[in-house]
Amino acid sequence: MNEYIGIILINIGILFNLVSCLGLVRLPDVYTRLQSSTKAVTMGSSLALIGIAVFTGMFSVAAQSLLTILFIFVSAPTAAHAIARGAHSSGIRVERITAEGLIGRTIEYELLDVVRVGEKFKKDRFDHTLETCPIFEIEEPIDDEELLERVSKVLAPRLKMRPRELERMLLERENEATTALAPEVAFPHVIVEGQNMFEMLVVRAREGVRFSEEQSHVHAIFVLVGTQDQWHFYLRSMAALATMVREDDFLEQWKQAEDEEELHKILLERSRRRHLTD
Amino acid sequence: MEIAIFFSLFFLIVASFMALIRVIKGPTAPDRIVAIDILGFILVNVCAMLTVITREDFYMSVALAWALLSFIGSIALAKKLEGKEFDE
């Protein structure tokens, strides 16, 4: 009778071990693997050892299996904790849980997505502009006139203007006073004729754009063009952008971003931060 | 009874192969350390099962010693991950 009870306990315990090893193979990152494997193995091994003590019915075996259980109960969580600490301090991130392969792989990006979905009703016009504005990459070093020419070619059709005219207006504004307001950031902007139009265009220059002789090269350019009736939103956008770029690590992130998608994400993340702190 | 013992040993072998897959695939060092830790516990169970098969009690002593040693190994590897020495 004892043997039957023992073998049932042993098999249940070992099945727990098997399931935890399945988790070790199937789960996505080191923390979830730790969580599945160490807990189930601790309890499964304990049950199996109790089963073995019942099965054999020998005093020495029972005593030693009890000692082993006690030891496993102390050591397995300690080892798991130490490994998790080590993994965290050696820079292993938590994998994202839902919809892998969407944007980023780690859970920070996922949380950002969640925050954004949760705050959708709060999303204002500026966020929408940030999301939809075209972003340009300029690889080679150029000067401000060439930059404005390129920008005008893209923006003019959206504003129902001729590229030449827009370029001329932007240049005039530029010559009045430089729009490179912060170090390495410039806001070329102009008010145009018409009604109910506002366009923003963002440029990331890898080599930098030379705006004037004495200033450093500009890496982030935000071109704002609007009509007179959008004056309020125009000013608000500029103020928001100015707050964003003034943060210490903005330029560093901006220069290191891999592609357009990441640049969009930086802008949105920054604007979200502004909302949360307001 | 033999069939039940056979099955439990079979499950242990499958489990240890799963842990070995994780040791080989990685991809990072902590993954391998977790897998080795678990492999140690599986081997403790194998030693305990040998007690059942042979009816010799000294295999339990082997299991106890193995549990102690694998714990020390895991802690040492985890400390190494953290970039510390073992006595820190």
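How each quantity is defined
Residues numbered from 1 in each chain as written. Chains lettered and ligands numbered in written order. Predicted model: local features only at pLDDT ≥ 70, side-chain atom pairs only at ≥ 80, totals over all residues. Helix = DSSP H or I, 4+ residues; strand = E, 2+ residues; numbered from the N terminus. Buried ≥ 20, exposed ≤ 12 C-beta atoms within 10 Å, placed from the backbone. Contact = placed C-beta atoms within 7 Å. Nonpolar A, V, L, I, M, F, W, Y, C, P; charged D, E, K, R; others polar. Axes fitted to C-alpha atoms, helices over the stretch in contact; angles between N-to-C directions. Parallel < 35°, antiparallel > 145°, perpendicular 65-115°, else oblique. Pairing = 2+ DSSP bridges. pLDDT = per-residue confidence, 0-100. Core = buried A, V, L, I, M, F, W, Y, C linked by C-beta atoms within 7 Å. Expected span 1.5 Å × (residues − 1).

1. Things to note about the overall build of chain A
Counting its regular elements, chain A contains 10 helices and 6 strands. Looking at the 278 residues of chain A, the share that counts as buried comes to 33%. Residue pairs in contact within chain A that sit at least 24 positions apart in sequence constitute 66% of those at least 6 positions apart.

2. A word on the overall build of chain B
A tally of regular secondary structure across chain B gives 3 helices and 0 strands. Traced from its N-terminal end to its C-terminal end, chain B shows the element sequence α-α-α. By residue count, 41% of the 88 residues in chain B fall in the buried class. Within chain B, counting contacts between residues at least 6 apart in sequence, those at least 24 apart form 42% of the total.

3. Considering the interface of chain A and chain B
Between chain A and chain B, the contact holds 42 residues from the first and 42 residues from the second. Mapped onto the side of chain A that touches chain B, the elements with two or more residues apiece are α1 (2-26), α2 (30-56) and α3 (59-89) of chain A. Element by element, the count of residues in the side of chain A that touches chain B is highest for α3(A), at 16 residues. Looking at the side of chain A that touches chain B, its residues break down into 26 nonpolar, 13 polar and 3 charged.

4. Let's talk about the packing of α3(A) against helix α2 (residues 29-54) of chain B
The relative placement of two packed helices comes down to the angle between their axes together with the axis-to-axis distance. Look at α3(A) against α2(B): their axes get within 10 Å of each other, and the N-to-C directions meet at 175°. The orientation of α3(A) relative to α2(B) falls into the category roughly antiparallel. Along the contact surface, α3(A) presents A:V61, A:S65, A:T68, A:A79, A:I83, A:G86 and A:A87, while α2(B) presents B:P30, B:I33, B:V34, B:D37, B:V44, B:A48 and B:T51. When its residues are assigned to classes, the contact of α3(A) with α2(B) shows 9 nonpolar, 4 polar and 1 charged.

5. Considering the pairing of strand β5 (residues 198-210) of chain A
Side-chain positions along a regular strand alternate between the two faces of the sheet. Residues and elements named next belong to chain A. In the sheet, strand β1 (residues 135-138) pairs with β5 via 4 bridges, with the strands oriented parallel. Paired with I135 across the two strands is V202, which belongs to β5. Judged from the 2 bridges that link them, strand β2 (residues 142-143) and β5 form a sheet pairing that is parallel. When the sheet's bridge partners are listed, I142 is paired in β5 with V209. Where β5 meets strand β6 (residues 218-227), 8 bridges bridge the pair, whose relative direction is antiparallel. The partner of L201 across the bridge, within β6, is V223.

6. Some words on the confidence of the model for chain A
For chain A, per-residue confidence averages 79 on the pLDDT scale, and residues scoring 70 or more make up 85% of the total. Within chain A, no element has a lower average pLDDT than helix α10 (residues 260-277) of chain A, which sits at 66, and none a higher one than α1(A), at 92.

7. Quick notes on the environment of A:N17
Counting through the fold element by element, A:N17 comes out in helix α1. You can call A:N17 buried: it has 30 C-beta atoms within 10 Å. Linking A:N17 and A:S45, residues 28 residues apart in sequence, is a C-alpha distance of 7.0 Å. Non-local contacts of A:N17, meaning those with residues more than four positions away in its chain, are made with A:V41, A:G44, A:S45, B:A15, B:I42 and B:N45.

8. What about the nonpolar core?
With 53 residues, the main nonpolar core has A:I52, A:I83, B:A15, B:A19, B:I38, B:I42 and B:A48 as its most contacted residues. For this core, the secondary structure elements donating two or more residues are α1, α2 and α3 of chain A together with α1 (2-25), α2 and α3 (58-82) of chain B. Beyond its immediate sequence surroundings of up to four residues, B:I42 is in contact with A:N17, B:L12, B:A15, B:S16 and B:A19.

9. Some remarks on the confidence of the model for chain B
Residues and elements named next belong to chain B. In this model, chain B carries a mean pLDDT of 88, and residues with pLDDT of at least 70 account for 97%. Summarising per-element confidence for chain B, the mean pLDDT is lowest in α3 (89) and highest in α1 (92). Reported for the predicted complex are a pTM of 0.55 and an ipTM of 0.91.

10. Observations concerning α1(A)
The first and last C-alpha atoms of α1(A) sit 36 Å apart over 25 residues, in line with the 36 Å expected at 1.5 Å per residue. The inward-facing, buried residues of α1(A) abut α2 of chain A together with α1 and α2 of chain B.

11. Details of the environment of A:E199
Residue and element names in this part refer to chain A. Turning to its location among the elements, E199 is positioned in strand β5. The class for E199 is partly exposed, based on 19 C-beta atoms found within 10 Å. Here the alpha-carbon distance between E199 and T227, two residues 28 residues apart in the chain, equals 9.4 Å. When sequence neighbours within four positions are dropped, the list of residues in contact with E199 reads L155, R158, L159 and V225.

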